[in-house]
Each structure stands twice: as C-alpha cells, then as structure tokens.
Amino acid sequence: MAEGDAELADLYRDVLLDYYRSRAHKGKLEPHDVRGHGVSPICGDEIEITATRQGDRLDKLRFDGHGCVISQASSAMMAEAVEGKSVPEVLKLVEAFGDFMVRRGPMDQMPAELEETKALEGVRKFPARVKCAMLSWNVLRLGLQQGAAEYQELGDREGT
Amino acid sequence: MGFDPKAIRKDFPILNRKIRGKALVYLDNAATSQKPSSVIDLEKSFYETNNANIHRGVHLLSQESTEMMDLSREKVAKFIGAASAHEIVFTRNATEALNLVAHSWGRKFLKEGDEIVLTEMEHHSNLVPWQLAAKAKGATLKFIPVTPEGTIELEAARGLIGPKTKLVAFTAMSNALGTINPVPELLAMAKKHGATTLVDASQWTPHLKTDVAAWDCDFLVFSSHKMLGPTGIGVLWGKRKLLESMDPFMGGGDMIQEVWLDRSTWNEVPYKFEAGTPNIAGAIAFGAAVDYLNKLGMEAVRRHELELTEAALRVVEAEGQIALYGPRDPQHRGGVISFNVADIHPHDVGQVFDSEGIAIRAGHHCCQPLMRKLKIGGTARASFYVYNTLEDVSAFGRGLRKVKDFFKVPAEAKHG
Ligand SMILES: Cc1ncc(COP(=O)(O)O)c(C=O)c1O
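Residues numbered from 1 in each chain as written. Chains lettered and ligands numbered in written order. Predicted model: local features only at pLDDT ≥ 70, side-chain atom pairs only at ≥ 80, totals over all residues. Heavy atoms only, no water.

*Asks:* What is the right way to read the site of the ligand from this model?
*Replies:* Lining the immediate environment of the ligand, one finds 14 residues, of which B:Thr95, B:Asp200, B:Ser223, B:His225 and B:Lys226 sit closest. More than a single chain frames the ligand: its nearby residues are located in chains A and B. The contact in question runs from a nitrogen atom of the ligand to an N or O atom on the side chain of B:Ser202, over 3.3 Å. Within the side chain of B:Ser223, one N or O atom sits 2.6 Å away from an oxygen atom of the ligand. The fraction of the free accessible surface of the ligand (390 Å²) that becomes covered by protein chains is 94%. When its residues are assigned to classes, the shell around the ligand shows one nonpolar, eleven polar and two charged. (Near = heavy atom within 4 Å. Polar contact = N/O pair within 3.5 Å; in protein donor to acceptor, adjacent residues only side chain to side chain. Areas by Shrake-Rupley, 256 points an atom, 1.4 Å probe, with all protein chains shown as cover. Nonpolar A, V, L, I, M, F, W, Y, C, P; charged D, E, K, R; others polar.)

*Asks:* Could you clarify how one ought to interpret the sheet that holds strand S13 (residues 322–325) of chain B in this entry?
*Replies:* Picture the strands of a sheet paired through backbone hydrogen bonds; they go either parallel or antiparallel. All names here are of chain B. Here four strands make up an open sheet; going across it, the order is S13-S14-S17-S16 and the pairing antiparallel. Unpaired on one side and paired on the other, S13 and strand S16 (361–363) mark the two borders of the sheet. Neighbouring strand axes in the sheet, compared pairwise and without regard to direction, differ in orientation by 30 degrees on average. Bridge count for S13 against strand S14 (residues 336–341) is four bridges, and the pairing is antiparallel. Across the sheet, residue Tyr325 finds its bridge partner in S14, namely Ser338. Together, S13, S14 and strand S17 (379–383) form the strand contacts of helix H14 (residues 390–406), whose direction differs from that of S14 by roughly 15 degrees. (Pairing = 2+ DSSP bridges. Helix = DSSP H or I, 4+ residues; strand = E, 2+ residues; numbered from the N terminus. Axes fitted to C-alpha atoms, helices over the stretch in contact; angles between N-to-C directions. Contact = heavy atoms within 4.5 Å.)

*Asks:* Explain the interface of chain B and chain A to me, please; I cannot follow it from the model alone.
*Replies:* Accessible area lost during the coming together of the parts is what is often quoted as the interface size. Each partner contributes to the interface: chain B provides 31 residues, whereas chain A provides 28 residues. Taken together, the two surfaces of chain B and chain A that pack against each other cover about 2200 Å², and 52% of this comes from carbon and sulfur. At the junction of chain B and chain A, the tally comes to three salt bridges. The partner of A:Glu7 in a salt bridge is B:Arg20, with the nearest N and O atoms 3.1 Å apart. Our enumeration of links across chain B and chain A arrives at ten residue pairs in polar contact (both at pLDDT 80 or more). Of all the elements in the fold, those that place two or more residues in the side of chain B that touches chain A are helix H12 (346–355), S16 and H14 of chain B. With six residues, the single largest contributor to the side of chain B that touches chain A is H12(B). Each residue belonging to the side of chain B that touches chain A can be placed in one class, and the counts come to seven nonpolar, 13 polar and eleven charged. (Buried area = accessible area lost by both parts, 1.4 Å probe. Salt bridge = Lys/Arg side-chain N within 4 Å of Asp/Glu carboxyl O.)

*Asks:* Explain the confidence of the model for chain B here, please?
*Replies:* Residues shown with low pLDDT carry predicted positions that ought not to be read at fine detail. Scored by pLDDT, chain B comes out at a mean of 96, with 99% of its residues at no less than 70. Taken over the whole predicted complex, pTM reads 0.93, whereas the ipTM for its chain interfaces reads 0.86. (pLDDT = per-residue confidence, 0-100.)

*Asks:* In this structure, what is going on with the packing of aromatic side chains? I would like to understand it.
*Replies:* Residue and element names in this part refer to chain B. This structure, assessed with the given rule, holds 14 aromatic pairs over all chains. Measuring from ring centre to ring centre gives 5.5 Å for Phe339 and Phe396, while their planes differ by 85 degrees; the resulting arrangement is edge-to-face. Linking Phe339 in strand S14 with Phe396 in helix H14, this pair joins segments that are 57 residues apart in sequence. Residue classification places Phe396 among the buried residues on the basis of a relative accessible area of 0%. Each ring, one from Tyr385 and one from Tyr387, has its centre 6.0 Å from the other, and the planes form 75 degrees; the classification is edge-to-face. On the accessibility criterion, Tyr385 (0% relative accessible area) is buried. Three or more aromatic residues joined by ring pairs form one cluster here, namely Phe12, Tyr292, Tyr385 and Tyr387. (Phe/Tyr/Trp six-rings, centres within 6.5 Å; stacked < 30°, edge-to-face > 60°. Buried < 20%, exposed > 50% of the residue type's maximum accessible area, 1.4 Å probe, protein only.)

*Asks:* Is there a simple way to explain H12(B) in this structure?
*Replies:* One turn of an α-helix holds 3.6 residues; hence residues three or four places apart share an orientation. Burial analysis of H12(B) places nine of its ten residues in the buried class, the great majority of the element. Just downstream of H12(B), B:Gly357 is the residue with a positive phi angle, here 75 degrees.

*Asks:* What am I meant to see in the environment of A:Met1 here?
*Replies:* Residue and element names in this part refer to chain A. If you trace the backbone, Met1 turns up in the segment before helix H1 (3–11). For Met1, a relative accessible area of 78% puts it in the exposed group. Remark: the alpha-carbon pair of Met1 and Lys28, spanning 27 residues in sequence, is separated by 41 Å.

*Asks:* Sorry, what's going on with the pairing of S14(B) here?
*Replies:* Successive residues of a regular strand alternate their side chains across the two faces of the sheet. Residue and element names in this part refer to chain B. Extensive coverage of S14 is indicated by the burial of six of its six residues. Burial of S14 is two-sided: the residues Val336, Ser338 and Asn340 facing one way and the residues Ile337, Phe339 and Val341 facing the other way are all buried. Relative to S17, S14 runs antiparallel, the two sharing four bridges. When the sheet's bridge partners are listed, Ser338 is paired in S17 with Arg381.

*Asks:* Would you mind showing me how to read the side chain of B:Thr389 here?
*Replies:* In this structure, B:Thr389 sits in the loop between S17 and H14. When residues no more than four places from it in sequence are discounted, the contact partners of B:Thr389 are B:Pro5, B:Arg9 and B:Leu308.

*Asks:* Just to check I follow, could you spell out a negative patch on the surface for this structure?
*Replies:* Among the surface-exposed residues, B:Glu149, B:Glu307, B:Glu310 and B:Asp329 lie close enough to one another that they form a single negatively charged patch. As for its position among the elements, B:Asp329 is in the loop between S13 and S14. (Patch = residues over 30% accessible without salt bridge, like charges linked within 9 Å, V, L, I, M, F, W, Y side chains within 5 Å. Lys, Arg positive; Asp, Glu negative; His and termini not counted. Charge placed at Lys NZ, Arg CZ, Asp CG, Glu CD.)

Below, the structure is given as structure tokens:
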C-alpha cells in the first residue's frame, strides 16, 4: 500500500466510519439537564450536547451538529462510553481520553469504557485533527461542570 | 518569452518534495505561494554579503542595505502603477496594512454617524479592523450583500453607498470563492459620493495586472507571500496626499523627524508609517519576486490560470456530486475552485487529498460571515498559480474521485 494510503487507512479505521454513519446518539434531548455548546474556530464546526440525568448518573446523551468524520465518530464513541456513568466517573473518562489523545499516553492504561476510542489512535499523528477528536469531550466537560456552557476553542489557526 | 510552466517549475525547489511518498501537488496558493530560487537566493545572499540596518549608518553595508530596500520599493511601486515609491508603505502583511488604515485614517477622519461600506465576502482582515474603528468612532458598518452564486449585488450596492458613506472597502477577488469583483463599478459609486476607497488586492495583485492609476482608488493592500515573495512583508499603497494627512500608526525609531521629551515631529511618508527596524531582507527579496512576475508578464499569468481554471471547472462538472461555489463564468473567477463533495466534511476531503500529496485548504477561509450567508460550514479549496499544470488539474480530479471512493459516496447522493 502507498504510504499515503496506509496513513489514511490508519486514520479512518472502519470502526470510525461505522460510528460516523451511525445515528444512534444524534439529535437533541428536550427537556435536558445538561447542555454544552461549542464551536471550533479552526473549522467553524459546531456541536451541541444535551443530556438527561437520573440522580447522580448521566442517563441519555445526544449530540447535534455537523462535523468531520473524526469529530462525529469521537462524539458517538463518547456518548456510548458515558451513558449510565456518574458525573465524577464521566469527568475521569474525559480526562483519560485527553491523556490518550492530547498527551499521547499509553493505550494499555486506558479505562475499559474507552476501549472503542482506541480506534482514534491514528488521529494522534495528525495534530490538526486532534482538536476535532477533542471537541465534544471538552464541551461535555464544561457542560457538566457548569450545567450549561459555551465552549470556545482558542486560536484561529486556519488562516487565509 | 513563452509561458512554460514546466520550465517555471524548475525554479521552485520545493516542488521536488515528496509528500507521503508522492510528488507534491501544491494547490493552496490562495493561502500562500511557493518561492522561486531567485527570491530564496537573494534573501540568503543579502544576509551573507550586505546585511546592516538601514538609514542610520554611514558605513558601506548600511548604504547597500538602504539602497537595496529603496530599489525594491521602486520595483513594487512600478509593478502596481503607483506614481512614486513614496506611496509604498512596507508592513508585515496585508492585515497590518488594513489595520494601519483603520487606525491612522479611521481614527482621524471617521466621525459619529459616518458609514463604512464593506461586502459580505470580506476576509476577516478587512472586517475586524473596521469593526474596531467603527466602535471607537461611532460609525456604522454596512454590507453589500452576496448572491447565492457568490457575486456581489451591484444594485444593492448602489442603494447602500450614499452621502453618509465615508469609506468603501472591498476585496478585488474573494479568497474563499475566487469571485472577481466589479472593481471599477464599485469605485465609481464610491467616488460619486466623495467616499474614500480601499481595495484589498491580496488575491488580485499576485494573479492579475494591478494599476492603481487606472483604478484611481485611495488605498490598496496586499501581501508579498502570496506572490512568490517572503512572508513578513506586505504593502500599503496610498495616494501621497492622503498618506501625508494621516496620523502615524506606531511610534518609534525611523518614523520621526525630531524628538523632544514631550513631543515629536514625523518623518516624511512612507517612513512615517514604518516604525522600528523593518523586515529588510524580506523587502529586498520581495523585489526579486516582482522581477520574476514581470518576467512572466501578468497577462500571461492570468491567461495560464484561466486555462487551468477552465479545465478544473470541466473536471468538477464531469465528476458530479460536487457543490461548486462562486461564479460559473471563468472570466469572473480567479484560479480558485471552492467546493464540497456530497455531504463530506471539507476537512475529510482535505485529508484524502493530502494522502495523494495534494495540498488543498479546508474550512471557512477566514470568511465566517460569507460561509454563514451561503449556509455552509466551510468548503474545500484548490487554488492555482504559475507553476501549476494541467497535470495538477488531473491530480485534482483524481483527488475528487478518491474522496468519493474512500467515503463510499453513493452515486445518487445529493449534495447539500
Ligand atoms: C482577500 C484577503 N485579504 C486579506 C488577507 C490577509 O493576508 P495576510 O494574512 O497576508 O495579512 C488574505 C489572505 O490571507 C486574503 O486572501
């Protein structure tokens, strides 16, 4: 396989494309207990996350908005990983995902809930795309910490 | 000399690079251009043999540096049809030139109730500085609307530009869509009402012949890096009387005539606007870029890009499931193809192109209001320059097909 094709296949693994096409967690919950909204100035992508709570636990989570394969797949994986978890557990998962994606931590120490997200490993080789993968996780974190939040990635790196 | 892109390519060392195992196909020229050896070599030889600070030295190197920079200023003046090199202010880039005008002209001459007319397709660089100036001075911004085809509504412009209009500032060519705007018509409307005029020529001057005398605008801005020159150098051209009437932009060395502890007087233009040690090497190497374009001839450059654009439009047409933005008529479009493939995100499109060694840009192209108006998140954009060939256009077509294959775009899918 050509070098470029190998990297492409590593970035867009089949699992990712399946999550991207899945509608399972798309949409908006009304009413909801948690809401987060974020914009990436790099690509202008917007994401809105709404979730309901059952006591201390996140019950359902939906995400809405248009995005690239990476951000949509990452959002779908996140939804799957966090539903049914307590808020402190969710925040720990967000932290662990950041360790993996941004700080490039070792994969063998990742919590079991994040097993599927390992398919995003190829993204780490493309720094411009790491923000795509992180967007929904950051939006959810802020939404949980503040009840409802606007998340704004800093820096307009797209240019011209 | 005939226009021979194959020969031209030999002058650009970076085109020998392999990207992910493939020959580089560089189609991101609207963002920045590549540099010919003559530009790279001049910058290097300047540092190796002439380098000194300008103006203040009596020693030989300082004289040489000063003369080389002056010569470059003259070349730039001639290249755009300016009356004198005194009208060429060197800045860091077009953005700084726009901020200079918004600050030095805007803060001095704008009054409460004045109207500034822009278009909806401006680069953030020709929008945000005016938002700041308008806020500071109580002026209002008005926007000439953009049609779904990505052209401006001239009739609406006629209604917007009136006695209250103090400034009309617009891009000659859209970086996001490639639209070539009706510059003379817009300038005529502005002049009828005595408004000051500014043309953002960032995308024009690299690709089409610029003649400020023929346009008779008041200000014109562009960047060296989009026209074969180094980064870190840009141009504000202004009519001399107007430049002289403006307050300085930044204070410091070089921009003064005399300094006391409590006050200063200003140097003549353009130096009044060039505080501190400028990008000497960059300004000098920019002169070599101008030489290179002169050697090719701007008419020939435009003809070449028109040929590539027509070919690329045919590729898009034949391919299907591509949403194309901007005017269909290549006469009204620069060498820019802005598009989306079915409902695939522009970043994913760009990533697949990258795997083929093809560099295109994806996103909002610093034109968020325009994207909002066209109801799209962003586009993928391929843009051509002198060293691109019909083979590059074929590579572009190959990229489109690979995107569709890779993401399994169904044949009947509708684009959004
Ligand atoms: C139309 C237009 N105006 C302004 C700019 C700003 O140029 P620069 O970033 O070199 O200041 C650009 C490109 O970036 C542009 O395309």
